[in-house]
Amino acid sequence: MKLFSKLLIIMSFLPFFSQASAHSDTPSRENLRKIHSRLKSGFADLRKEVVKEPQGFIKYPYLIPAGFYSQLWDWDAFFMANHFISKGEPEYMKNWVLTFSQGIDDDGYVAGCMTKDGPRNVYSGRFAMKPFLSQGAYHYANATDDWEWLRPLYPSLNKVIDYRRQTQRDSISGLYYWEIAMQSGADNNPALNYFKDDTRSFLSTDASAFQYGELKAQAAIAKKLGYAEDAARLLEEAENLKKALNDICWNEEDECYYNVDRETRTPYRRVGYSTFVPLVYQMAPLEKGRRMVERYMLSEDGMKSPYGFRSLSKSDVDYNNKNIIVPFSNWQGPVWGICNYLYSIGLHHYGFDDEVAWLAEKVGGLMAKDLDDYGTMHETYHAETGEPLAPSNFKYRTPEGKPQGFVSWNLCMENVLEGILNGNWMLLQIEE
C-alpha cells in the first residue's frame, strides 16, 4: 500500500507533456485547468519579453516575437495585441495601427514589417502588409469604445484597402492573391508558389478570407463614424467576396476549399493551413464547413497528429517536420501555435468544441512542457513526436541570462483555454 501511495505521488509530478500525450481524445477539465494555470503564470513573465520601447521610426511601445526577432511584424503583433487586449492592455493594438499607418505611402502600399529605421521593403516592395490593419483598428476601438481616434486615419485605411484591390485582386473573379508566397506569412506553404522560379499565381483562400475580414472591419468603422454609404458599400463588397470564394474555391467533390490557378482556373489540390482560414470568418455554410472539418481536420491521415493539428496534411507529398527557420519557417507539417489558434476559432464556429478542448490539451501541453524545460517556447513542434523544433538552440538571452525562444502568437493558446474552461472566447469577430 505504501508503494502504491508513493507511485501516486510520483505520478502527480509527471510533466504536462506526458499528460498531453496522444492516448486520449477526451481531455479532463482538471488537466485543462492545470495546463491553463501553467500557461497563465508562465505567460505573465513572457509577455514582458515581447514589449519593446520606442526607437527611431517606431514612436510607440511595440510587440516583437522575442528572441530571434526584433522587428515589428504585421500579423505576429496583430495576434499578440489581441491577446494583450484580453489582458486589459489594449494600447499595444492602437500603437500597432498607428505605426503601420505611419508607413503608408502615397499609393496606399504599406510594408509588412517595420523597423527602427523605417518600413522594411523587401522583395522589390512586394512584401505588402497582410489584410489586418482595419481589423486591428476595429478590435482596439471595439474593446475601448473609442472610435474618434480613427476619424483622421479613416482615409488612409481606405487607401490601403484600395491599393490591395488594385494590386492583389483578380479582376475576373474578385478573389485575392498573394503577390509572392512569403507575403502570406505561411512561408513555404506548398499551396503557393514559394520558389522564385515558380511564376504561378493563385486565387488564395487565406488572402481572400483575411480581406473579407478587413472589408467587414472597415465597414464597421465607417458605420461608427457615420459614413453609412461607405459602410453599405463595403459590406456588399464583402458579401460578393464570400460568394466568389464559395463559387470558385469550394470543391464539392472533395468537400474543401482549394487555391485556384489564376491562369488555368484549375484547383490546386493541396490541403493545409490556408484551406481552413475561411472557417475563421464563417465564410463556409455550416454544413459544408462541418464536412470539411470531419473529412480533413479530424483525420489522422490529414491534419490531426498525436500532438495537435498539423500545418499541412500528412497525406501531402511534401509533408515533413524539418527543423528550419531560415530562409523561411516550415509550414509543411509541424504543429504551429498560430495555426492551432486559428483552427480553434473555426472549430468553435462549426460546433466542434470537444475538438477545441483536445487541441488545447495537446498544444497547450507542449507549451507547458516548454515552460517547464526551458522557461520559454518554440515556434514549432514535431507533429509526430511532440519534439520542440525551431529555434533549435537558444542563442538569445534576457539581461538576466534566461533563454529567449519564440513567444509571439503562442500567447493566444491561453485564450483558447480561457474559451473552453470559462467561456471567454477570443474569436476576433466583427459586428456589423
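Cut-offs and rules
- Residues numbered from 1 in each chain as written.
- Predicted model: local features only at pLDDT ≥ 70, side-chain atom pairs only at ≥ 80, totals over all residues.
- Heavy atoms only, no water.
- Pairing = 2+ DSSP bridges.
- Helix = DSSP H or I, 4+ residues; strand = E, 2+ residues; numbered from the N terminus.
- 1 Å grid on protein atoms, 1.4 Å probe; cavity = no way out; pocket = protein on both sides within 12 Å on 5 of 7 lines; lining within 4 Å.
- Points joined across faces, edges and corners; volume = space filled by probe spheres on them.
- Nonpolar A, V, L, I, M, F, W, Y, C, P; charged D, E, K, R; others polar.
- Contact = heavy atoms within 4.5 Å.
- Polar contact = N/O pair within 3.5 Å; in protein donor to acceptor, adjacent residues only side chain to side chain.
- Core = buried A, V, L, I, M, F, W, Y, C linked by side-chain atoms within 4.5 Å.
- Buried < 20%, exposed > 50% of the residue type's maximum accessible area, 1.4 Å probe, protein only.
- Salt bridge = Lys/Arg side-chain N within 4 Å of Asp/Glu carboxyl O.
- Phe/Tyr/Trp six-rings, centres within 6.5 Å; stacked < 30°, edge-to-face > 60°.
- Axes fitted to C-alpha atoms, helices over the stretch in contact; angles between N-to-C directions.
- Parallel < 35°, antiparallel > 145°, perpendicular 65-115°, else oblique.
- Left-handed = near helix turned anticlockwise from the far one by under 90°.
- Lys, Arg positive; Asp, Glu negative; His and termini not counted.

## What to know about the sheet that holds strand β3 (residues 72-73)
The strands making up a sheet associate through hydrogen bonds between their backbones, and the pairing can be parallel or antiparallel.
Okay, step 1: Here we have three strands laid out as an open sheet, ordered β3-β4-β5, and antiparallel in their pairing. The outermost strands of the open sheet, each flanked by one partner alone, are β3 and β5 (118-119).
Okay, step 2: In the sheet, β3 pairs with strand β4 (residues 113-115) via two bridges, with the strands oriented antiparallel. Looking at β4, one finds that Trp-73 is bridged to Cys-113.

## So, the layout of surface pockets
Okay, step 1: Of the volumes computed, that of the largest pocket is approximately 520 Å³.
Okay, step 2: Counting residues per element, the lining of the largest pocket draws most heavily on helix α4 (residues 74-86), at three residues.
Okay, step 3: Considering only enclosed or pocket space, the second largest pocket measures out at about 350 Å³ in volume.
Okay, step 4: A breakdown of the residues in the lining of the second largest pocket according to their chemical character gives eight nonpolar, two polar and five charged.

## Quick look at the environment of Arg-295
Okay, step 1: In this structure, Arg-295 sits in helix α11 (residues 286-297).
Okay, step 2: Along the sequence, Arg-295 and Cys-256 sit 39 residues apart, while their C-alpha atoms lie 8.8 Å from each other.
Okay, step 3: Discounting residues that sit within four places of it in the chain, Arg-295 has contacts with Glu-253, Asp-254 and Glu-255.
Okay, step 4: Among the polar contacts listed, one links the side chain of Arg-295 to the backbone oxygen of Glu-253, at a separation of 3.3 Å.

## A word on the nonpolar core
Okay, step 1: Phe-79, Trp-96, Leu-150, Tyr-273 and Tyr-341 are the most contacted members of the largest nonpolar core, which has 142 residues in total.
Okay, step 2: Broken down by element, the residue count for this core peaks at eleven residues, all from helix α8 (residues 205-225).
Okay, step 3: Once you skip the residues sitting within four places of it in the chain, Phe-79 turns out to touch Phe-132, Ile-338, Tyr-341, Leu-342, Trp-409, Cys-412 and Leu-428.

## Focus: the pattern of salt bridges
Okay, step 1: Using the criterion set out here, one finds 29 salt bridges in the structure.
Okay, step 2: Between Glu-294 and Arg-290 there is a salt bridge whose closest N-O contact spans 3.6 Å. One end of the pair is Glu-294 and the other is Arg-290, both in helix α11 and four residues apart, which spans about a single turn.
Okay, step 3: Residue Glu-294 is classed as partly exposed on the basis of its relative accessible area, which comes to 44%.
Okay, step 4: One salt bridge in this structure joins Asp-373 and Lys-369, with 2.2 Å as the shortest N-O distance. Linking Asp-373 with Lys-369, this pair stays in helix α13 (residues 353-374), spanning four residues, or about one helical turn.

## Comments concerning the packing of aromatic side chains
Okay, step 1: The tally for this structure, following the rule as stated, stands at 31 aromatic pairs.
Okay, step 2: On the basis of an interplanar angle of 70° and a centroid distance of 5.7 Å, the ring pair of Tyr-109 and Tyr-163 is categorised as edge-to-face. Remark: Tyr-163 occurs in helix α7 (residues 154-168) and Tyr-109 occurs in the loop between α5 (91-102) and β4; sequence separation between them is 54 residues.
Okay, step 3: Its relative accessible area of 16% is what places Tyr-163 among the buried residues.

## Here we look at the packing of helix α12 (residues 337-349) against α13
Okay, step 1: In contact at an axis separation of 9 Å, α12 and α13 are set at 165° when each is read in the N-to-C sense. In terms of orientation, α12 and α13 fall into the roughly antiparallel class. As α12 packs across α13, the resulting crossing turns out to be left-handed. Contacts between α12 and α13 pair Gly-337, Asn-340, Tyr-343, Ser-344, Leu-347 and His-348 from the former with Asp-353, Glu-355, Val-356, Leu-359, Val-363 and Met-367 from the latter.
Okay, step 2: Broken down by class, the residue content of the contact of α12 with α13 amounts to six nonpolar, four polar and two charged.

## So, unusual backbone geometry
Okay, step 1: The amide bond that connects Ala-390 to the next residue, Pro-391, takes the cis arrangement and shows omega of -5°.
Okay, step 2: Positive phi outside glycine occurs at Asp-145, with the angle close to 55°.
Okay, step 3: In this fold, Asp-145 is placed in the loop between α6 (133-144) and α7.
Okay, step 4: Given a relative accessible area of 61%, Asp-145 falls into the exposed group.
Okay, step 5: Here Leu-428, not a glycine, exhibits a phi torsion of approximately 55°, which is positive.

## Examining the sheet that holds strand β6 (residues 202-203)
Okay, step 1: The strand order across the open sheet formed by three strands is β6-β9-β10, and the pairing between neighbours is antiparallel. A single partner strand is all that each edge strand has here, and the edge strands are β6 and β10 (267-268).
Okay, step 2: One ladder, built from two bridges, connects β6 with strand β9 (residues 259-261); its direction is antiparallel. Its bridge partner being in β9, Leu-203 is matched across the sheet by Val-260.

## As for the environment of Pro-391
Okay, step 1: If you trace the backbone, Pro-391 turns up in the loop between β14 (380-381) and β15 (396-397).
Okay, step 2: Residue classification places Pro-391 among the buried positions, given a relative accessible area of 16%.
Okay, step 3: Spatially, the C-alpha atoms of Pro-391 and Tyr-123 are 24 Å apart, while their sequence positions differ by 268 residues.
Okay, step 4: In contact with Pro-391, not counting residues within four places along its chain, are His-378, Glu-379, Gly-405 and Phe-406.

## Brief notes about the side chain of Asp-187
Okay, step 1: Assignment of secondary structure puts Asp-187 in the loop between α7 and β6.
Okay, step 2: Buried within the structure, Asp-187 lacks any salt-bridge partner; Lys-130 is the closest side chain of opposite charge, at an N-O distance of 7.2 Å.
Okay, step 3: A polar side-chain atom of Asp-187 sits 2.9 Å from the main-chain amide nitrogen of Ser-329.
Okay, step 4: Residues within four places of Asp-187 in sequence aside, it is in contact with Ala-181, Met-182, Tyr-194, Phe-328, Ser-329 and Trp-331.

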